[in-house]
Amino acid sequence: MAIEALTETGRINWVIAGGGTVKRDGNLVTDLYQNFELNLSANTAAKTYTSKNNNDIFDNAGTWSFAGSNFDKIILTGSQPVSGREISFTRNGDRLILIFTIPLPGARINGVQAIAGTYEFDLLKD
């Protein structure tokens with residue numbers, strides 16, 4: 001059931017465009033991710049993902065897995081700040097909400113842009 005919530009019959013593209021939002025520490029930052037897309041797939045033995053317009057906090061591609069045995073959190077592989085973090089997810093109809101925290105230290109992109117905080121991505125099924 002958890003795989004179906006994220007990928008239905010094998011693949012879903014989740015987007016911000018059309019009414020999704022992004023918050024960091026409760027403040028809207030949707031403008032930084034306005035064309036963000038996250039494609040989750042479970043068509044093969046490996047669960048894979050791709051992301052676009054991710055503002056360098058997600059990797060462009062990798063694999064994902066469930067964190068723990070409750071099947072309400074995922075972990076993405078990669079080297080960007082979101083990778084390796086537990087991401088809570090909730091699906092409600094055609095909306096997917098992802099919540100995760102990027103802690104200090106190491107919460108800078110290219111040594112400049114501060115990105116530490118708790119994020120909430122409210123995505124729409126494309």
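Data block above holds the structure.
Values in this document were obtained by computation on a predicted structure and should not be read as measured data.

### Observations regarding the nonpolar core
Then step 1. By size, the foremost hydrophobic cluster in this structure holds 30 residues, and its most contacted members are Ile57, Phe89, Phe100, Tyr119 and Phe121.
Then step 2. Taken together, the elements giving at least two residues each to this core come down to helix 1 (2–7), strand 1 (11–15), strand 4 (37–41), strand 6 (61–66), strand 7 (73–76), strand 8 (87–92), strand 9 (95–102) and strand 12 (117–125).
Then step 3. Element by element, the count of residues in this core is highest for strand 9, at 4 residues.
Then step 4. Setting aside its immediate chain neighbours within four residues, tyrosine 119 contacts Val22, Lys23, Arg24, Tyr33, Ile57, Leu98, Ile99, Phe100 and Ile102.

### Comments concerning unusual backbone geometry
Then step 1. At aspartate 25, a position not held by glycine, the phi torsion is positive, near 55°.
Then step 2. For aspartate 25, the position within the fold is in the loop between strand 2 (21–24) and strand 3 (27–28).
Then step 3. A positive phi angle, near 60°, is found at aspartate 56, a position not held by glycine.
Then step 4. Inspection of the secondary structure puts aspartate 56 in the loop between strand 5 (48–52) and strand 6.
Then step 5. On the basis of relative accessible area, aspartate 56 is assigned to the partly exposed category, the value being 39%.

### Describing the environment of isoleucine 99
Then step 1. Structurally, isoleucine 99 is set in strand 9.
Then step 2. A C-alpha to C-alpha distance of 9.5 Å links isoleucine 99 and lysine 23, two positions 76 residues apart in sequence.
Then step 3. Leaving out residues up to four positions away in the same chain, isoleucine 99 has contacts with Glu86, Ile87, Ser88, Thr118, Tyr119 and Glu120.

### Observations regarding the packing of aromatic side chains
Then step 1. For the coordinates displayed, the defined rule picks out 11 aromatic pairs.
Then step 2. Measuring from ring centre to ring centre gives 5.8 Å for phenylalanine 58 and phenylalanine 100, while their planes differ by 85°; the resulting arrangement is edge-to-face. Note that phenylalanine 58 is positioned in the loop between strand 5 and strand 6 and phenylalanine 100 in strand 9, a separation of 42 residues in sequence.
Then step 3. You can call phenylalanine 58 buried: its relative accessible area is 2%.
Then step 4. Residue class for phenylalanine 100 comes out buried when judged on its relative accessible area of 2%.
Then step 5. Their ring planes at 35° and their centres at 6.4 Å tell us that tyrosine 119 and phenylalanine 121 sit as a pair that is tilted.
Then step 6. On the basis of relative accessibility, which here comes to 1%, the residue tyrosine 119 falls in the buried class.
Then step 7. Under the relative-accessibility criterion, phenylalanine 121 is labelled buried at 0%.

### Topic: the pattern of salt bridges
If the charged atoms of two oppositely charged side chains come close together, the side chains can form a pair.
Then step 1. For the coordinates displayed, the defined rule picks out 5 salt bridges.
Then step 2. One salt bridge in this structure joins arginine 91 and aspartate 94, with 3.9 Å as the shortest N-O distance.
Then step 3. A salt bridge links arginine 95 to aspartate 122, with the nearest nitrogen and oxygen atoms 3.1 Å apart. Residue arginine 95 is found in strand 9, and its partner aspartate 122 is found in strand 12; the two are separated by 27 residues along the sequence.
Then step 4. Taking the relative accessible area as the measure of exposure, arginine 95 reaches 32% and is therefore partly exposed.
Then step 5. Taken together, the shared-partner salt bridges in this structure form one network comprising Glu8, Arg91, Asp94 and Lys125.

Thresholds applied
Residues numbered from 1 in each chain as written. Predicted model: local features only at pLDDT ≥ 70, side-chain atom pairs only at ≥ 80, totals over all residues. Heavy atoms only, no water. Core = buried A, V, L, I, M, F, W, Y, C linked by side-chain atoms within 4.5 Å. Buried < 20%, exposed > 50% of the residue type's maximum accessible area, 1.4 Å probe, protein only. Helix = DSSP H or I, 4+ residues; strand = E, 2+ residues; numbered from the N terminus. Contact = heavy atoms within 4.5 Å. Phe/Tyr/Trp six-rings, centres within 6.5 Å; stacked < 30°, edge-to-face > 60°. Salt bridge = Lys/Arg side-chain N within 4 Å of Asp/Glu carboxyl O.

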